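Survey of secondary and tertiary structure
Here are the chains, one letter per residue:
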Amino acid sequence: LTALTFDTGTTSAYQARIAASSQGAVRLPMLQTITLGTNHRLNLSLSGAGTMGLNVLPTATGLSIDIGAGTTLMLPAATTLTSGLALVDGTLNLPNATSLTGFTLTLRSAGVFAAPSLAQMNACGLSLEDTASATLGALTTLQTTPVTVRENAALSLPQLTDWTSNNTSTGSPSRWPPFMM
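Residues numbered from 1 in each chain as written. Predicted model: local features only at pLDDT ≥ 70, side-chain atom pairs only at ≥ 80, totals over all residues. Heavy atoms only, no water.

For the chain, the helix and strand inventory stands at zero helices and 21 strands. Considering only C-alpha atoms, the chain reaches an extent of 50 × 35 × 25 Å along its principal axes. Counting only residues that meet the buried cut, the chain has 43% of its 181 residues in that class. Of the charged side chains in the chain, 6 are positive and 7 negative, and the gap between their average positions amounts to 2 Å. (Helix = DSSP H or I, 4+ residues; strand = E, 2+ residues; numbered from the N terminus. Buried < 20%, exposed > 50% of the residue type's maximum accessible area, 1.4 Å probe, protein only. Lys, Arg positive; Asp, Glu negative; His and termini not counted. Charge placed at Lys NZ, Arg CZ, Asp CG, Glu CD.)

Written out as structure tokens, the structure reads:
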């Protein structure tokens, strides 16, 4: 399977789901394209040590990602994620992602977000709680992206140089390096 299309032909909100649970595995090693209809989402769900292989998917739009504790979703070829959301209690690993746009990311419990090449987030939301953690070592730009860190969560943004928000005053990032919330 190299292309997946989910389009009901309507503009109503629909969601298709691919799930791996209870040590189950889903392998889509050749999937390169996901096409979704208007207001449609594709949910990728991992729980109970389930695994999913999406090794060559270069971009993703409209994903709804649920990663349970003790599971990892790696998207090694993805460089851009757009208009999606992720609830992470396990690990979301995007080793080659350089940008997120319109993507809401919530790390809970001991959730981990690993994206060592991520340079910019535009119109996103980033929330960490409990003991979740993320070190975004290449991130230089946050545009219209609210950030919430609470409880014992940790966020490190050592290269952040530009943080622009349309609804809060964020101050000058030049005073923060290495930025740690």
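Another point: the nonpolar core. Ranked by internal contacts, the top residues of the largest apolar core, which has 50 residues, are Leu73, Leu92, Leu94, Leu100, Phe113 and Leu136. Among the elements of the structure, strand S1 (3-6), strand S2 (14-20), strand S5 (40-46), strand S8 (63-67), strand S10 (80-88), strand S12 (99-107), strand S15 (125-128) and strand S19 (154-157) are those that each provide at least two residues to this core. Considering each element in turn, this core owes the most residues, four residues, to S12. Setting aside its immediate chain neighbours within four residues, Leu100 contacts Leu81, Leu94, Phe113, Leu118, Gln120, Met121, Asn122 and Cys124. (Core = buried A, V, L, I, M, F, W, Y, C linked by side-chain atoms within 4.5 Å. Contact = heavy atoms within 4.5 Å.)

Tallying each qualifying case throughout the model produces three salt bridges. In this structure, the salt-bridge partner of Arg150 is Glu129, at a minimum N-O distance of 3.3 Å. Taken as a pair, Arg150 in the loop between strand S18 (147-149) and S19 and Glu129 in the loop between S15 and strand S16 (133-135) lie far apart in primary sequence, 21 residues in all. The partner of Glu151 in a salt bridge is Arg150, with the nearest N and O atoms 3.7 Å apart. When its relative accessible area of 40% is taken as the criterion, Arg150 is described as partly exposed. Through salt bridges with shared partners, one network takes in Glu129, Arg150 and Glu151. (Salt bridge = Lys/Arg side-chain N within 4 Å of Asp/Glu carboxyl O.)

For Ala49, which is not glycine, the phi torsion reads 65° and is therefore positive. Examined against the element boundaries, Ala49 turns out to sit in the loop between S5 and strand S6 (51-53).

On to the confidence of the model for the chain. Mean pLDDT over the chain: 90, with 91% of residues reaching 70 or higher. In the model of the chain, strand S21 (residues 179-180) stands out as the element of lowest mean pLDDT, 46, in contrast to S12, which has the highest, 97. Note that residues 168-181 has pLDDT below 50 and, in this model, 26 contacts with residues that lie over four places away or in other chains. (pLDDT = per-residue confidence, 0-100.)

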